[in-house]
Every structure is written in structure tokens, then in C-alpha cells.
Amino acid sequence: MVEKIKNLDKKTLLYLGIGIGSVVILIIFLFILKLAVGGRVNSKQFESRLKKAAISYYEEYPDKLPKTSGNTIMISIDELVKNGNLKSLDKLLDKGLTCEGNVNVSNNNGQYLYQPVIKCSDKYETNLLYKKILEDNPVVTTGNGLYKVDDYHLFRGESLNNYVKFSDMNFQIIRINNDNTIRMVLTDNIETTVWDDRYNIQKQDSVGKNDFTISRIKDVLNGYFAGNETFSDEEKALIVPQTLCIGARNENATINNGSIECAKKIESQPLGLLQVNEYMLASIEPTCKYIYDSQCTNYNYLANINNLWTITPNSANTYQVYKIAGYVYSNNASVEAQPKFVVTISSDALFTEGSGTEEDPYIIKN
């Protein structure tokens, strides 16, 4: 073979080189063209392509993004095709495949969440976490499980499949709200803190003030959300700003529907704390009436999340707050407990894997 090549004249070698070079250039051109135009895609690939198209659209029109934290807008597939950010579906999708849907774009605490929600003819559907939870936990009316209460779903009892791993931390789901957002509480141990340690005129001592709006613990919660040590920007985009119920409760109250706690509110907070009535609602013990009833620890998963501050003040004074350490206690705000924060996760959060048990928690996809 080597001898044959040596015997070829220079002109033939030149033509041979040009031919080979042309083939290489054609292959490179076709490869680049494929990258630029893209081939046909399946359902899952289309979901990813749709998200990229929405991001591209709002890079062109940033003024159309929702400006207020907590707001969500929707952009249709037709609009993305019309604007040239996405190929028409008959040219983009695999032969015979049809899909419908849109992209939800949310402003959550200044971070933007782009979430395609699609349904395709091959039975592929966007795997939303709240849908997975509802599928895995049929509504019950007795015993441990997920209850339908008014317009939301509430976990009650113990041995529940309500565990979630998020931002490499462990949570338990409290409820699924009427807008399909997911309220959940941290179960991992974190550094203890005072609720507040300011000087209180009523007590004439530095026992703290039980007004959440001016409390030290509010600053602590905001500190957990600031920066990227606890949550990345992608994870912050999944956290919906909350309206926190910060009303004071009398220890003799028996109304547990949240109306007492929600008599006073503060809006647009990224992180909150458990309401003391939520501890009561979590128990399926029928004789649990008052917050100090020892039997409220029965059949109550929240009784196992130990040594945490609630957000609820004691209405009997200006310096005590309820905390949970198995039982409910009313303590001076200046003592220390863990600020196990409550987050509200977007209804557009995606399920990755897991069955919701403590050993196999639901995993949220960033």
C-alpha cells in the first residue's frame, strides 16, 4: 500500500486530498447544521427545548417578565413558535407525536422559575411533585394519612409518606395548599437561637418581645435565605414567598383552624416557622383539645420534630412564644430553640425520585 501511494503522481494526490477535505468539510457542515437547527425530538427532549425557548424569549423581552415576587405568568407554545424561538411542532416533534402545554414563568423572591408543563400523545406528562404526592397518598377520613380539609390537603398522624429531600436537607410536608403549592417543615437539627432578646418593659428584663415583625428570629430566617450557603439560586426559584400567620394565641383556646393565628399576617416572606395550631391539627388523637394536652403527642408526626420554635406568641403577655419539644411549651422569647424553618414550594416543582418514606424521600429536581 505504501509503495502504491509513493507511485501516485502529485496531481493525483492533490485531487485525492481535495476530495477527502471536501468530505470532511461536508460532515462538519452537516454536524453544525444539525446543532443549529436541531433534529426531531421526543417528549422529554421537547420539554427541555420548550424551556430553552422560553428563556430565549424573555431574554429578548425582559420587560414582559413578572415584576412582583410571587407572581406567575404563562407563555404558550404558539407564541414561542410565532416569535421564532421554537420550530413549529410538526417539524420539531418525532413523527406521529403531538404535544400540548405551556411554560409557567414565576418570580419567586427575585429568582425566575421557568417550568414547561406539557402533555403528549405518547402519554408523557410533566412530572409535577404535588401530583405525585396526591397519587401516592389517597385521601383518608380516619387513621394516618392525607386528609382533605376545606380547600387543601393536610397530613395527619404518624408513619406518613410525607418526607422530602430539598437542597440536601430533610423536610416533612405539612400540607398541599389550594393552589397546589407545598408547605413543609425542616426536620434536620440546626443551630439554636433566641426568638428575641430585647428588653421588655412589661417584664422589666431582657426577656424579649414576642412580635415577629421586629424579632431576632425573623432576621435569622432572612439570613438563612440570603446568600447561597443554604439555598442555591435555582432552589430559591422554587421557594414561593409566603404570607405568614403571626397572630397571638391564648393557651386556653380550642379553635385550631388557623383563624386565631391568621388574625395578624405578614406578607412576602421566603421562610417562616410552624404555627402552633398546625401541631394540633397534625394529631389524630380525638381528645387533643388544648395545646398543653399531653395526649396531643399521640399519633402526631410533628411531636417527633424536637426543640423547635413556632411563630406563635402567647397572647397572655408580650414576651412568651410557644415552642415544641415533644409537647408544647410557652417560653420567654430569650431562651434558645431551633428555628426549623417552613418553606412553601412551587406547584411547578418537579419530582425526580422517591416514595416519600423517611428512608426514600421525594427528591425535588432543580
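Everything below is about the structure shown above.
Residues numbered from 1 in each chain as written. Predicted model: local features only at pLDDT ≥ 70, side-chain atom pairs only at ≥ 80, totals over all residues. Heavy atoms only, no water.

Focus: the environment of Thr-243
Now for step 1: Here Thr-243 lies in strand β10 (residues 242-245).
Now for step 2: Accessibility expressed as a relative area gives 42% for Thr-243, which makes it partly exposed. (Helix = DSSP H or I, 4+ residues; strand = E, 2+ residues; numbered from the N terminus. Buried < 20%, exposed > 50% of the residue type's maximum accessible area, 1.4 Å probe, protein only.)

Side note on the sheet that holds strand β2 (residues 99-108)
Now for step 1: Taken in spatial order, the three strands make up an open sheet running β1-β2-β3, and their pairing is antiparallel. Where the open sheet ends on each side, the last strands, each with one partner, are β1 (72-76) and β3 (111-120). For this sheet, the mean inter-axis angle between neighbouring strands, taken without regard to orientation, is 20°.
Now for step 2: The sheet strands contacting helix α3 (residues 43-60) are β1, β2 and β3, and the helix crosses β3 at an angle near 140°. (Pairing = 2+ DSSP bridges. Axes fitted to C-alpha atoms, helices over the stretch in contact; angles between N-to-C directions. Contact = heavy atoms within 4.5 Å.)

Quick notes on the sheet that holds strand β13 (residues 320-325)
Now for step 1: Taking strand neighbours across the sheet as the criterion, the three strands line up as β12-β13-β14 in an open arrangement whose pairing is antiparallel. In the strand order of this sheet, the two ends are held by β12 (308-313) and β14 (327-332), each with one partner. Strand-to-strand, the axes of this sheet are offset by a mean angle of 35°, without reference to chain direction.
Now for step 2: Two strands pair when backbone bridges link them, and β13 and β14 are joined in this way by six bridges, in the antiparallel orientation. By the bridge assignment, Ala-325 is partnered in β14 with Tyr-327.

Concerning helix α7 (residues 216-225)
Now for step 1: Along α7, the residues classified as buried are Ile-217, Lys-218, Leu-221, Tyr-224 and Phe-225. The buried residues of α7 all sit within an arc of 120° when viewed along its axis, so they share a single face.
Now for step 2: Check the buried side of α7 and you find it contacts β9 (193-194), α8 (233-236), β11 (265-269) and β12.
Now for step 3: Just past α7, the residue Gly-227 takes up positive phi, approximately 70°. (Arc of directions from axis to C-beta.)

A few points about the state of the cysteines
Now for step 1: Applying the stated criterion across every chain, the model contains three disulfides.
Now for step 2: The disulfide partner of Cys-99 is Cys-120, and the S-S distance across this bridge is 2.0 Å. On the sign convention where negative means left-handed, the S-S torsion of about 110° between Cys-99 and Cys-120 marks this disulfide as right-handed. Of this pair, Cys-99 sits in strand β2 while Cys-120 is found in strand β3, placing the two residues 21 residues apart along the sequence.
Now for step 3: A relative accessible area of 13% places Cys-99 in the buried class.
Now for step 4: Overall, the relative accessible area of 8% leaves Cys-120 in the buried class.
Now for step 5: The residue that forms a disulfide with Cys-245 is Cys-262, at a sulfur-sulfur distance of 2.0 Å. With the S-S dihedral at roughly 80°, the linkage between Cys-245 and Cys-262 falls on the right-handed side. Of the two residues, Cys-245 is situated in strand β10 and Cys-262 in the loop between β10 and β11; the sequence distance between them amounts to 17 residues.
Now for step 6: Under the relative-accessibility criterion, Cys-245 is labelled buried at 8%.
Now for step 7: Across the protein chain, the way the bonded cysteines pair up, counted in sequence order, is 1-2, 3-4, 5-6. (Disulfide = S-S within 2.5 Å.)

Thoughts on a negative patch on the surface
Now for step 1: Residues Glu-353, Glu-358, Glu-359 and Asp-360 make up a contiguous surface patch of negative charge.
Now for step 2: By relative accessible area, Glu-359 is classed as exposed at 70%. (Patch = residues over 30% accessible without salt bridge, like charges linked within 9 Å, V, L, I, M, F, W, Y side chains within 5 Å. Areas by Shrake-Rupley, 256 points an atom, 1.4 Å probe, with all protein chains shown as cover. Salt bridge = Lys/Arg side-chain N within 4 Å of Asp/Glu carboxyl O. Lys, Arg positive; Asp, Glu negative; His and termini not counted. Charge placed at Lys NZ, Arg CZ, Asp CG, Glu CD.)

Digging into the side chain of Thr-344
Now for step 1: Tracing the backbone through its elements, the reader meets Thr-344 in strand β16 (residues 342-345).
Now for step 2: At 3.5 Å, the side chain of Thr-344 and the side chain of Gln-242 are in polar contact.
Now for step 3: Excluding residues that lie within four positions of it along the chain, Thr-344 makes contacts with Asn-177, Thr-181, Ile-182, Arg-183, Leu-238, Ile-239, Val-240 and Gln-242. (Polar contact = N/O pair within 3.5 Å; in protein donor to acceptor, adjacent residues only side chain to side chain.)

Some remarks on the nonpolar core
Now for step 1: If you look at the biggest cluster of nonpolar residues, it comprises 67 residues, and the most contacted ones within it are Phe-166 and Phe-341.
Now for step 2: With five residues, the top contributor of residues to this core is strand β7 (residues 169-176).
Now for step 3: Counting residues in each nonpolar core, the second largest holds 22 residues, with Ala-53, Tyr-57, Ile-75 and Tyr-114 among its members. (Core = buried A, V, L, I, M, F, W, Y, C linked by side-chain atoms within 4.5 Å.)

Focus on the environment of Glu-79
Now for step 1: With respect to the element layout, Glu-79 can be found in helix α4 (residues 77-82).
Now for step 2: The sequence separation of Glu-79 and Ala-54 amounts to 25 residues, and the corresponding C-alpha distance is 9.6 Å.

Here's the deal with the pattern of salt bridges
Now for step 1: With the rule as written, the count across this model stands at eight salt bridges.
Now for step 2: Across the salt bridge formed by Lys-264 and Asp-211, the nearest N and O atoms sit 3.7 Å from each other. Of this pair, Lys-264 sits in the loop between β10 and β11 while Asp-211 sits in the loop between β9 and α7, and the two are 53 residues apart along the sequence.
Now for step 3: Taken together, the shared-partner salt bridges connect Arg-175, Arg-183 and Glu-278 into one network.

Here we look at the packing of aromatic side chains
Now for step 1: The full count for this structure, using the stated rule, is twelve aromatic pairs.
Now for step 2: When the ring of Tyr-58 is compared with that of Tyr-114, the centres are 6.2 Å apart and the planes differ by 50°; the resulting orientation is tilted. You can see Tyr-58 sitting in helix α3 and its partner Tyr-114 sitting in strand β3, a full 56 residues away along the chain.
Now for step 3: Look at Tyr-114 and you get buried, because its relative accessible area is 13%.
Now for step 4: Relative to Tyr-322, the ring of Tyr-292 has its centre 6.5 Å away and its plane inclined at 65°; by these criteria the two rings are edge-to-face. With Tyr-292 in the loop between α9 (276-282) and β12 and Tyr-322 in strand β13, the pair connects residues that are 30 residues apart, well separated along the chain.
Now for step 5: Judged by relative accessible area, Tyr-322 falls into the buried class, the value being 0%.
Now for step 6: Through successive ring pairs, a cluster of aromatic residues spans Phe-166, Phe-171, Tyr-224, Phe-225, Phe-231 and Phe-341.
Now for step 7: A cation over an aromatic ring shows up here: Arg-175 above the ring of Tyr-152, its NZ or CZ 5.5 Å from the ring centre.
Now for step 8: Lying across the ring of Phe-225, Lys-236 places its NZ or CZ 5.3 Å from the centre. (Phe/Tyr/Trp six-rings, centres within 6.5 Å; stacked < 30°, edge-to-face > 60°. Lys NZ or Arg CZ within 6 Å of the ring centre and 35° of its normal.)

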